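Single-letter residue listing:
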Amino acid sequence: MQLGKGIGLTVIPTSQFKTVRVAVDFIAPVTVSELSKRILMAQLLETSSQDYPTQTA
């Protein structure tokens, strides 16, 4: 489904799994200096949350 110009949404409903996964892909020009920041931020967002601030938690 198109949410706006250049913004698409794909929803795959299933009752097979209890886990909800949200994936966001940003497509934009990138420089080498920005790339490491983007990778680090993606890893932090993937492994941290308010309820579980660390991987150990």
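Conventions and cut-offs
- Residues numbered from 1 in each chain as written.
- Predicted model: local features only at pLDDT ≥ 70, side-chain atom pairs only at ≥ 80, totals over all residues.
- Heavy atoms only, no water.
- Helix = DSSP H or I, 4+ residues; strand = E, 2+ residues; numbered from the N terminus.
- Areas by Shrake-Rupley, 256 points an atom, 1.4 Å probe, with all protein chains shown as cover.
- Lys, Arg positive; Asp, Glu negative; His and termini not counted.
- Charge placed at Lys NZ, Arg CZ, Asp CG, Glu CD.
- Patch = residues over 30% accessible without salt bridge, like charges linked within 9 Å, V, L, I, M, F, W, Y side chains within 5 Å.
- Salt bridge = Lys/Arg side-chain N within 4 Å of Asp/Glu carboxyl O.
- Buried < 20%, exposed > 50% of the residue type's maximum accessible area, 1.4 Å probe, protein only.
- Contact = heavy atoms within 4.5 Å.

## Focus: the overall build of the chain
Part 1: What the chain contains, in helices and strands, is 1 helix and 2 strands.
Part 2: In the chain, the order of α-helices and β-strands from amino to carboxyl end is β-β-α.
Part 3: With the C-alpha coordinates of the chain rotated into their principal frame, the extents come out at 40 × 40 × 15 Å.
Part 4: Accessible surface for the chain amounts to roughly 6200 Å². Of this, 60% is attributable to carbon and sulfur atoms.
Part 5: Considering the chain, the positive charge centre built from 5 side chains and the negative charge centre built from 4 side chains are found 5 Å apart.

## Describing a nonpolar patch on the surface
Part 1: Taken together, the side chains of Met-1, Leu-3, Ile-7, Leu-9 and Val-11 make up a nonpolar region of the molecular surface, amounting to roughly 510 Å² of accessible area.
Part 2: Looking at where Met-1 falls in the secondary structure, it is placed in the segment before strand S1 (2-4).

## Description of the environment of Pro-29
Part 1: Within the secondary structure, Pro-29 is located in the loop between strand S2 (7-8) and helix H1 (32-47).
Part 2: Classification of Pro-29 as exposed rests on a relative accessible area of 75%.
Part 3: In this structure, Pro-29 is in contact with Glu-34 and Arg-38, ignoring residues within four places of it in sequence.

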